[in-house]
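These are the residues of each chain, in order.
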Amino acid sequence: MAQLCIATMNNSQQITDSPLTVQTTVEMLVNIASVSQNIIISKSVMEDFLKTVDILVSNEATASWQSLTKENTSISLLSAVEDISNRLTEGSFTINQKYIELNRTVINNSYTGKSNLPNSATEILIPQILNPTSLTIIIFTTLNNILPTQDSANGIVKPDMRINGDLVVVKANQTLHSISFVFDTTDQSLGNPQCVFWNFNLSAWDSTGCEVKPGRNETGIITCECNHTASFSILMSPFSIDHIAFAYVTYIGVGISVACLILCLIIEAIVWKAVRRNDTSYMRHVSIVNIAISLLIADVCFIIGAAISKEQPTPADRCSSVVFFMHLFYLALFFWMLISALLLFYRVVMVLSQMSRAKMMVIAFLLGYGAPLLISVITVASTAGPQMYVSKQACWLNWNESRNLLAFVIPALTIVAINLVVFIVVLYKIFKRRAGAATQPDWKNALVVARCVAFFTPALACGITWGFGIGTTVSAGLFVHVVFALFNSLQGFFILVFGTLLDSKVREELARWFSLRNLNSSSCTRMIQR
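An account of the accompanying structure is given in this report. Just so we're clear, the structure is a prediction, and the values are computed from it rather than from any experiment.

What follows is about the overall build of the protein. Scanning the protein from N- to C-terminus turns up 15 helices and 11 strands. Per-residue burial for the protein yields a buried fraction of 48% across its 530 residues. Of the contacts made within the protein by residues no fewer than 6 positions apart, 72% connect residues no fewer than 24 positions apart.

Let us look at the nonpolar core. Within the largest apolar cluster, 58 residues are counted, with the highest numbers of intra-cluster contacts made by Tyr-330 and Phe-408. Contributing elements (two or more residues each) for this core: helix H7 (244-275), helix H8 (279-308), helix H9 (316-349), helix H10 (357-383), helix H12 (406-436), helix H14 (478-501) and helix H15 (504-529). With 19 residues, H9 is the largest single contributor of residues to this core.

Attention shifts here to the pattern of salt bridges. Under the counting rule described, the total for this entry stands at three salt bridges. Between Glu-90 and Arg-104 there is a salt bridge whose closest N-O contact spans 3.8 Å. On the criterion of sequence distance, the pair formed by Glu-90 in the loop between helix H6 (73-85) and strand E1 (93-96) and Arg-104 in strand E2 (residues 100-107) is long-range, its members being 14 residues apart. Judged by its relative accessible area of 53%, Glu-90 falls in the exposed class. What makes Arg-104 buried here is its relative accessible area of 7%. When the shortest N-O distance is used, the salt bridge between Glu-509 and Arg-512 registers 2.7 Å. Here Glu-509 pairs with Arg-512, and both are found in helix H15, just three residues apart, close to one helical turn. Residue Glu-509 is classed as buried on the basis of its relative accessible area, which comes to 10%. A relative accessible area of 45% means that Arg-512 is categorised as partly exposed.

What follows deals with the packing of aromatic side chains. A complete count under the given rule lists 11 aromatic pairs for this structure. Geometrically, the ring pair formed by Trp-396 and Phe-408 is edge-to-face, given 5.4 Å between the ring centres and 80 degrees between the ring planes. Note that Trp-396 is positioned in the loop between helix H11 (386-389) and H12 and Phe-408 in helix H12, a separation of 12 residues in sequence. On the basis of relative accessible area, Phe-408 is assigned to the buried category, the value being 0%. The rings of Tyr-330, Phe-334, Trp-396 and Phe-408 are connected pair by pair, giving a single aromatic cluster. The aromatic ring of Tyr-282 is capped on one face by Arg-357, whose charged end is 4.2 Å from the ring centroid.

Moving on to the sheet that holds E1. On the basis of which strands lie adjacent, the open sheet formed by four strands has the order E1-E2-E5-E6 and antiparallel pairing. Unpaired on one side and paired on the other, E1 and strand E6 (167-172) mark the two borders of the sheet. Ignoring strand direction, the axes of neighbouring strands in this sheet form an average angle of 10 degrees. Looking at chain direction, strand E5 (residues 133-140) and E6 are connected through six bridges and run antiparallel. By the bridge assignment, Leu-135 is partnered in E6 with Ala-172. With respect to the sheet, H6 is in contact with E5 and E6, its orientation differing from that of E6 by roughly 30 degrees.

In the structure shown here, the tally under the stated rule is one disulfide. Each sulfur of the disulfide joining Cys-195 and Cys-224 lies 1.9 Å from the other. Of note, the bridge from Cys-195 to Cys-224 carries an S-S torsion of about -80 degrees and is left-handed in sense. With Cys-195 in the loop between strand E7 (179-184) and strand E8 (197-199) and Cys-224 in strand E11 (residues 221-226), the pair connects residues that are 29 residues apart, well separated along the chain.

Here H10 is 27 residues long and its end C-alpha atoms lie 39 Å apart, about the 39 Å a rise of 1.5 Å per residue gives. Among all positions of H10, only Met-360, Met-361, Ala-364, Gly-368, Ala-371, Pro-372, Ser-376, Thr-379 and Thr-383 are buried.

Another aspect to go through is the packing of helix H3 (residues 19-35) against helix H4 (residues 43-56). Their axes nearest at 11 Å, the elements H3 and H4 cross at an angle of 155 degrees. As summarised for this structure, H3 and H4 are arranged roughly antiparallel, according to the angle between their axes. With respect to the hand of their crossing, H3 and H4 are arranged in left-handed fashion. The segment H3 lies against H4, with Val-22, Thr-25, Val-26, Leu-29 and Ile-32 engaging Phe-49, Thr-52, Val-53 and Leu-56. Among the residues making up the contact of H3 with H4, the classes are represented as seven nonpolar, two polar and no charged.

Moving on: the sheet that holds strand E4 (residues 123-126). With respect to topology, five strands assemble into an open sheet ordered E3-E4-E7-E11-E10, the strand pairing being antiparallel. Unpaired on one side and paired on the other, strand E3 (111-114) and strand E10 (210-213) mark the two borders of the sheet. Strand-to-strand twist of the sheet, defined as the mean angle between neighbouring strand axes without regard to direction, takes the value 20 degrees.

To continue, consider the packing of H4 against H6. For any two helices packed against each other, the geometry comes down to the angle between their axes and how far apart the axes lie. In the contact formed by H4 and H6, the axes pass within 12 Å of each other and the chain directions differ by 170 degrees. In this view, H4 runs roughly antiparallel relative to H6, as classed from their interaxial angle. Note on element contacts: H6 touches H4 through Leu-77, Ala-80, Val-81, Ile-84 and Ser-85, opposite Met-46, Phe-49 and Val-53. Here the contact of H4 with H6 is built from residues that sort into seven nonpolar, one polar and no charged.

Each α-helix winds once per 3.6 residues, and so residues spaced three or four apart point in a common direction. The complete set of buried residues in helix H1 (residues 2-10) reads Leu-4, Cys-5 and Thr-8. Taken around the axis of H1, the buried residues stretch over an arc of 100 degrees, which confines them to a single face. Counted as exposed and oriented over 90 degrees from the buried face of H1: Gln-3 and Asn-10. Of the surrounding secondary structure, the elements contacted by the buried residues of H1 are helix H2 (12-16), H3 and H4.

Right, let's talk about the environment of Leu-367 for a bit. Here Leu-367 is to be found in helix H10. Taking the C-alpha atoms as reference, Leu-367 lies 8.7 Å from Ala-332; in sequence the two are 35 residues apart. With sequence-adjacent residues up to four places away left out, Leu-367 is seen in contact with Phe-335, Leu-338, Ile-339, Leu-342 and Pro-372.

Looking at where Ser-134 falls in the secondary structure, it is placed in strand E5. The class for Ser-134 is buried, based on a relative accessible area of 7%. Of the polar contacts made by the side chain of Ser-134, one reaches the side chain of Glu-90; its length is 2.7 Å. Non-local contacts of Ser-134, meaning those with residues more than four positions away in its chain, are made with Glu-90, Arg-104, Thr-105, Val-106, Lys-171, Ala-172 and Asn-173.

Definitions and limits used
Residues numbered from 1 in each chain as written. Predicted model: local features only at pLDDT ≥ 70, side-chain atom pairs only at ≥ 80, totals over all residues. Heavy atoms only, no water. Helix = DSSP H or I, 4+ residues; strand = E, 2+ residues; numbered from the N terminus. Buried < 20%, exposed > 50% of the residue type's maximum accessible area, 1.4 Å probe, protein only. Contact = heavy atoms within 4.5 Å. Core = buried A, V, L, I, M, F, W, Y, C linked by side-chain atoms within 4.5 Å. Salt bridge = Lys/Arg side-chain N within 4 Å of Asp/Glu carboxyl O. Phe/Tyr/Trp six-rings, centres within 6.5 Å; stacked < 30°, edge-to-face > 60°. Lys NZ or Arg CZ within 6 Å of the ring centre and 35° of its normal. Pairing = 2+ DSSP bridges. Axes fitted to C-alpha atoms, helices over the stretch in contact; angles between N-to-C directions. Disulfide = S-S within 2.5 Å. Expected span 1.5 Å × (residues − 1). Parallel < 35°, antiparallel > 145°, perpendicular 65-115°, else oblique. Left-handed = near helix turned anticlockwise from the far one by under 90°. Nonpolar A, V, L, I, M, F, W, Y, C, P; charged D, E, K, R; others polar. Arc of directions from axis to C-beta. Polar contact = N/O pair within 3.5 Å; in protein donor to acceptor, adjacent residues only side chain to side chain.

Right under this line is the structure:
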């Protein structure tokens, strides 16, 4: 880094005059930032890094940057600065350049900071926090000249829009739920201000979680307030949605799902002897139990991951094992859903075929846990390091660098599609068989269809849920993410009701079990009275 800094300073004129040299230098800084993810960056290294960046963003380089607007070079530079600032050494220090100021500190209560750069009056205000927090703030006064102006609504560059002030990067090792910024505008003739941040997932400016607030009664002064909270939709989306209502839906929903799954497993344990008397019932309840276990473990891992994700940036070393098990058991959930659907297909379509219980169990467990384990291990091995495996925004699979989120999305949606096809084929076979038989009352036909639908409801609910997951992979809209989180929270409830409680054998056995409990209680009471 020191050599690159010296070379850049000694040849600053040639570098700023050449778009190709600017681009090449940015690529070198991106590589340095990538390598730095495995080490701690000292103040001296960061100072050399920012000296180099300061030359690249100087007013003398503006013409060269205009030739690079289609190359996203400025976004790569901003990303590199954010990445390397995540690895700064602990302690408090300040680095000042001509166009850049960095302030590294530890705050124990609240924070108020003001820019010391020329022609800049930017202020950052953070209200009271509960725990000591390492904070890094970087202020740029010239990035507004080189960053693109597309917004998140359609990704189109709008020539009538301007970045009308400083750009501030804020990094903390814990989630900050409220940050206020006071900006002095560069061009006071412009109106309709918006408070935005650069969303690397959307490659556009995004106003989610940020709004303009009434501030000082001064011309050219804009006050922005931003808030950030954790999210469940990671499960399938490369986007991070910051909204307090969304966080409540997520965590309350997961809590309800966990409670329903525990109750489901308790009931299955009570009725287990009664439901294993024939092969079909036995295999169906084996599937239900493993679906409940897989989803329960995955939900618990999600809660652990959410707690770890409160530290920003997400600590990849602690998240890696959580992400692995979450990936494994969410996939296992889908594969056991597939086994449940294939079991019904086998019993309805292949009526004359007979397979031993032992053989069915071997196939079920190889598919239910073997396939997810193979996919999860290959995903870890192919990403070659925790920084490519874990997302920087949350404890979940990476999207931006390695696209390994697809190792969950593709198998999950493929199984959803297969289950839908199986459901249609099974209904067709049932209707065709009953049409060829003697005339049956309509209510009996409806009952058969209702039983088929009830059997498939956990798989269908899973399909509907993760169908909304498709929307979260392409949209950052709050509505689709909230609906996805809401349906996700109901999966445990659907498994409990439609997988367990609607089974007549389960209800009969529960009634018998409670009757015996009451009878034993009454007998004990009479013995005590005597």
